[in-house]
Amino acid sequence: MKVIGVRFKSSGRIYYFDPLEYTFNEGDGVIVETARGQEYGEVAQVAMEVEESVIVSPLKPVIRPATEQDSVMREQNAAKEGDAFHVCQQKIQQHKLDMHLVSAEYSFNGSKLVFYFTADERVDFRELVKDLASQFRTRIELRQIGVRDEAKMLGGLGSCGRVVCCKAFLQDFHPVSIKMAKEQNLSLSPTKISGLCGRLMCCLQYEQSSYEEMKRRMPHINREVLTPDGAGTVVENNAITEKTRVRLQLPDGSIDVREFNYMLLGRPGEPLPVPPSEPKPEPVKEAAEEPKPAPAQEATPERSPDKKRRRRGGRGKNGSRPNAPQGDGGQPAQQQQPRPQQQSQQPQQPRPPQQPQRAPQQRSNEQRPQQPKPAQNAQQQTAGAEGVKRRDNFKHRRGGANRPKPASPAPEKKE
C-alpha cells in the first residue's frame, strides 16, 4: 500500500496517510484529518510501499497540500499560544491548583485550545476550564502528561553536553531500569544516571544488548578458570575492554591479580583455546610491475613412470642407464650416449641358440643378472670369458644394478 509519513512536531512521531493522487517532497506542508480535526503537518517520508500490517486502519487520506495562507494561519496560532499560556498560568495560581503548566497549543483552524500540564496526583480542574472558556471563547482541553513527555516538549542539554535524545531524534520511549546501570558498572548515584526529567537516562538502553551478549560470553564471577599463567578465580569482568581480572596463586605461594582477554581463558582440565590469528594484509601490487617468472629449480616437473622405475634400480654416480631417454635430467641429448653404443667397439661372440641374447634395457628391477653356465664346449667357454671381462669394466661404478654379484651356478634350463 502506498503511503506518506507526516510529522506534526519536531522529533515527533510519524503518522501514515494516503497521498491519493498528490505528489509530495520531503518538508512539504499538508493538511490532514486527525482525531482532533484538521491539522497542519510536514512530510517526513515521501511516498513508499508498506505492508498493511504496519498501518493502523482505517488509513485516512490527505485533504490537500498546504498553501501560503495555511502557513500564515499557523504562524498566527503560534503567536497566540504564548498569550494563552500566560493567562492559563495566572488562572492556575488563582485557583491554587497543584499542577505545572507545560505548554499551550491551538488547533489548525483555531476551534480548540489544548493545555498540557504535569501533576503528581489527580487534579480537579473543572472550575479552571470554565474560566478559560469564558476568557478565550473557544473549546478548552486540559491534558495531563508525564515528566518524560515534558522534557521531550521543552528540550534542553543533557549531562553529555548535547541536546537530549527525546528532543533530537527519539520518537518513542523505551523502559529503562536500574538493572541496566548495574550491568554496565555505572555509578548508582541518581544525579549521575538521571536525565532532565528526573528519570533514568534513555541512553542506558542503547548498549544494553551488547552488554548482555558480552556477559553471556565472559566467565562468571568467583568461577575457576584456566589462564596462560595457571588456574585462578575470576574477580571482575570489563565488557568494554573485553578483559577479565583473575586472582592467581603463583608457585612461590604469593597471590597476584592479572588481566586476560576472555578468549584466552578456559575451563580447568581442558586445553586453552587458541586465539584467532589476525589476517595479514595483502601486499599492494603495482600496476607497472610485471610478474617475475619462477626460478627453474623451484618448478616441480611431473614424474614419469620410466624415471620412477630408474630410481628403483639405481645407477652409478657418474654414469647413465642404457634405457634412459635422451636429454633426461637437464643434460644435452648429444652428451648422453646409450650403453650399447659404447660396447659396440668390443667384439661379441654369438650365444648358442638355446640361450637367447638379452638386451640390457630389458632387465627389470626384480630380475638379477644371471651368471653364465659352465662351459661345455669351446663356444660356451668363449662366451663365459667375455661375460667376466664385461663385469670387470663396471667395477668402478657404484650403482646397485651394476655392482658385480658373487659367482653362483645358474639353474639348469629345462628343454
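Just so we're clear, the structure is a prediction, and the values are computed from it rather than from any experiment.

The next subject is empty space enclosed by the protein. For the coordinates displayed, the defined rule picks out one cavity of 30 Å³ or more. Forming the boundary of the largest cavity are R36, E39, E105, Y106, S107, K112 and V114. Sorting the residues of the lining of the largest cavity by element identifies β6 (100-106) and β7 (112-118) as the ones contributing at least two each. Of the residues that constitute the lining of the largest cavity, the class distribution is two nonpolar, one polar and four charged.

The next thing to look at is the environment of K179. Relative to the helices and strands, K179 resides in helix α5 (residues 178-183). We classify K179 as exposed; its relative accessible area is 53%. Measuring from C-alpha to C-alpha, the distance between K179 and Q208 comes to 10.0 Å, with 29 residues separating the pair along the chain.

So, about helix α2 (residues 126-136). Quick reminder: α-helices carry 3.6 residues per turn. Residues three or four places apart thus point the same way. Those residues of α2 that fall on the buried side of the exposure criterion are L128, L132 and F136. Burial along α2 is one-sided: seen end-on, the buried residues are contained in an arc of 50 degrees. Projecting away from the buried face of α2 at angles above 90 degrees are the exposed residues R126 and K130. Buried residues belonging to α2 abut α1 (68-95), β6, β7 and β8 (139-144). After α2 finishes, the residue R137 shows a positive phi value of roughly 55 degrees.

So, on to the pattern of salt bridges. Scanning the entire structure with this criterion turns up 13 salt bridges. Between E105 and K9 there is a salt bridge, and its shortest N-O distance comes to 3.4 Å. Of this pair, E105 sits in strand β6 while K9 sits in the loop between β1 (2-7) and β2 (14-17); the two residues are 96 residues apart in sequence, bridging distant segments of the chain. Residue class for E105 comes out buried when judged on its relative accessible area of 16%.

Further remarks concern the packing of α1 against α2. It is the contact of α1 with α2, at a shortest axis distance of 10 Å, that shows an interaxial angle of 145 degrees. The two elements α1 and α2 meet at a crossing, and its hand is right-handed. For the pair formed by α1 and α2, the contact residues are A84, V87, C88, K91, I92 and H95 on the first element and E127, L128, D131, L132, Q135 and F136 on the second. When the residues that make up the contact of α1 with α2 are grouped by side-chain class, the tally is seven nonpolar, two polar and three charged.

Let us now look at the confidence of the model for the protein chain. For the protein chain, the average pLDDT comes to 75, and 66% of its residues sit at 70 or higher. Taken together, the stretch residues 340-347 has pLDDT below 50 and engages in nine contacts with residues farther than four places along the chain or on a different chain. This model gives residues 359-367 a pLDDT under 50, and the stretch forms seven contacts once residues within four places in sequence are excluded.

Okay, unusual backbone geometry next. Most of the time, phi is negative for any residue but glycine, and the peptide bond is trans. A positive phi angle, near 60 degrees, is found at L20, a position not held by glycine. Tracing the sequence through the fold places L20 in the loop between β2 and β3 (29-34). Exposure remark for L20: the relative accessible area of 43% places this residue in the partly exposed category. Here the phi dihedral of K96 falls at roughly 55 degrees; this positive angle occurs in a residue that is not glycine. When you line up the elements, K96 lands in the loop between α1 and β6. Residue class for K96 comes out exposed when judged on its relative accessible area of 75%.

How each quantity is defined
- Residues numbered from 1 in each chain as written.
- Predicted model: local features only at pLDDT ≥ 70, side-chain atom pairs only at ≥ 80, totals over all residues.
- Heavy atoms only, no water.
- 1 Å grid on protein atoms, 1.4 Å probe; cavity = no way out; pocket = protein on both sides within 12 Å on 5 of 7 lines; lining within 4 Å.
- Points joined across faces, edges and corners; volume = space filled by probe spheres on them.
- Helix = DSSP H or I, 4+ residues; strand = E, 2+ residues; numbered from the N terminus.
- Nonpolar A, V, L, I, M, F, W, Y, C, P; charged D, E, K, R; others polar.
- Buried < 20%, exposed > 50% of the residue type's maximum accessible area, 1.4 Å probe, protein only.
- Arc of directions from axis to C-beta.
- Contact = heavy atoms within 4.5 Å.
- Salt bridge = Lys/Arg side-chain N within 4 Å of Asp/Glu carboxyl O.
- Axes fitted to C-alpha atoms, helices over the stretch in contact; angles between N-to-C directions.
- Left-handed = near helix turned anticlockwise from the far one by under 90°.
- pLDDT = per-residue confidence, 0-100.

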